[in-house]
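Coordinate inspection notes
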Amino acid sequence: SLKLEDVAFNRNQVEMAKLAAGYVPLLYLVAGNDAENIKPSEGEIAKVVSDSGNIRCEGRETNREQLPRCAEFPDMMHGWVSRGNTSLGEVKKGAEDALMMAVEFF
């Protein structure tokens with residue numbers, strides 16, 4: 001969790017994202033009520049994720065689907081994929097779309 005990195009460990013979220021981006025391709029699926037710093041295209045962390053496509057991840061082949069990506073789901077609330085109310089059609093669709101993006105990414 002980016003927020004946990006800052007609150008619990010008193011470490012910089014941007015620096016943590018930069019460090020992670022050097023090892024693996026990153027996929028950030030962002031809810032509408034998530035922090036502005038992780039939203040594409042203006043968020044500082046979103047820019048780190050997007051720019052990390054220029055970094056060759058050590059010892060790992062990267063295919064097109066694994067290019068780093070940060071996508072926003074503006075109508076969803078944080079946690080919609082794992083604990084959203086999927087009896088609501090828009091939440092169910094948002095969760096399914098996010099899960100498909102994750103499957104295609106990995």
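Residues numbered from 1 in each chain as written. Predicted model: local features only at pLDDT ≥ 70, side-chain atom pairs only at ≥ 80, totals over all residues. Heavy atoms only, no water.

Now for the overall build of the chain. Secondary structure assignment for the chain yields five helices and two strands. Helices and strands in the chain line up, N terminus first, as α-α-β-α-β-α-α. Within the chain, the proportion of its 106 residues that are buried is 34%. Sequence-distant contacts, at least 24 apart, represent 60% of the contacts inside the chain between residues at least 6 apart. Summed over all atoms, the accessible surface of the chain reaches about 7,100 Å², with 52% contributed by carbon and sulfur. (Helix = DSSP H or I, 4+ residues; strand = E, 2+ residues; numbered from the N terminus. Buried < 20%, exposed > 50% of the residue type's maximum accessible area, 1.4 Å probe, protein only. Contact = heavy atoms within 4.5 Å. Areas by Shrake-Rupley, 256 points an atom, 1.4 Å probe, with all protein chains shown as cover.)

Moving on, we get to the side chain of Gln13. Take Gln13: it is sitting in helix α2 (residues 13-21). Leaving out residues up to four positions away in the same chain, Gln13 has contacts with Leu2, Lys3, Asp6, Asn37 and Ile45.

With that settled, consider the pattern of salt bridges. If you walk through the whole model with that rule in mind, you get four salt bridges. Across the salt bridge formed by Glu72 and Lys39, the nearest N and O atoms sit 3.8 Å from each other. In this pair, Glu72 is assigned in strand β2 (residues 69-73) and Lys39 in the loop between β1 (27-31) and α3 (44-51), connecting sequence segments 33 residues apart. For Asp97, the salt bridge is made with Lys93, and the minimal N-O distance between the two is 2.8 Å. Of the two residues, Asp97 and Lys93 both sit in helix α5 (residues 89-105), four residues apart, roughly one turn of that helix. (Salt bridge = Lys/Arg side-chain N within 4 Å of Asp/Glu carboxyl O.)

With 17 residues, α5 extends 24 Å between its outermost C-alpha atoms, agreeing within 8% with the 24 Å of an ideal straight helix rising 1.5 Å per residue. For α5, the complete set of buried residues consists of Val91, Gly94, Ala95, Ala98, Met101 and Phe105. Summarising the axial view, the buried residues of α5 lie within an arc of 125°, below the 170-degree limit, and thus occupy one face. Opposite the buried face of α5, by more than 90 degrees, sit the exposed residues Gly89 and Val103. Buried-residue contacts for α5 involve β1, β2 and α4 (80-83). (Expected span 1.5 Å × (residues − 1). Arc of directions from axis to C-beta.)

Counting buried positions along β1 yields four of five residues, so the element is predominantly enclosed. Across five bridges, the pairing between β1 and β2 is parallel. In the sheet register, Val30 faces β2, and the bridge partner there is Glu72. (Pairing = 2+ DSSP bridges.)

With that settled, the discussion passes to the confidence of the model for the chain. Here the chain averages 84 in pLDDT, and 85% of its residues register 70 or above. The element-level mean pLDDT for the chain is lowest in helix α1 (residues 2-7), coming to 79, with α4 highest at 96. (pLDDT = per-residue confidence, 0-100.)

The next point concerns the nonpolar core. Judged by nonpolar contacts, the single largest core of 13 residues is most densely connected at Tyr28, Ile45 and Cys70. Taken together, the elements giving at least two residues each to this core come down to α2, β1 and α3. Considering each element in turn, this core owes the most residues, four residues, to α3. Contact partners of Tyr28, with chain neighbours within four places excluded, come to Leu2, Ala17, Ile45, Val49, Arg69, Cys70 and Ala71. Formed by eight residues, the second largest nonpolar core is a distinct cluster that contains Ala71, Trp80, Ala98 and Met101. (Core = buried A, V, L, I, M, F, W, Y, C linked by side-chain atoms within 4.5 Å.)

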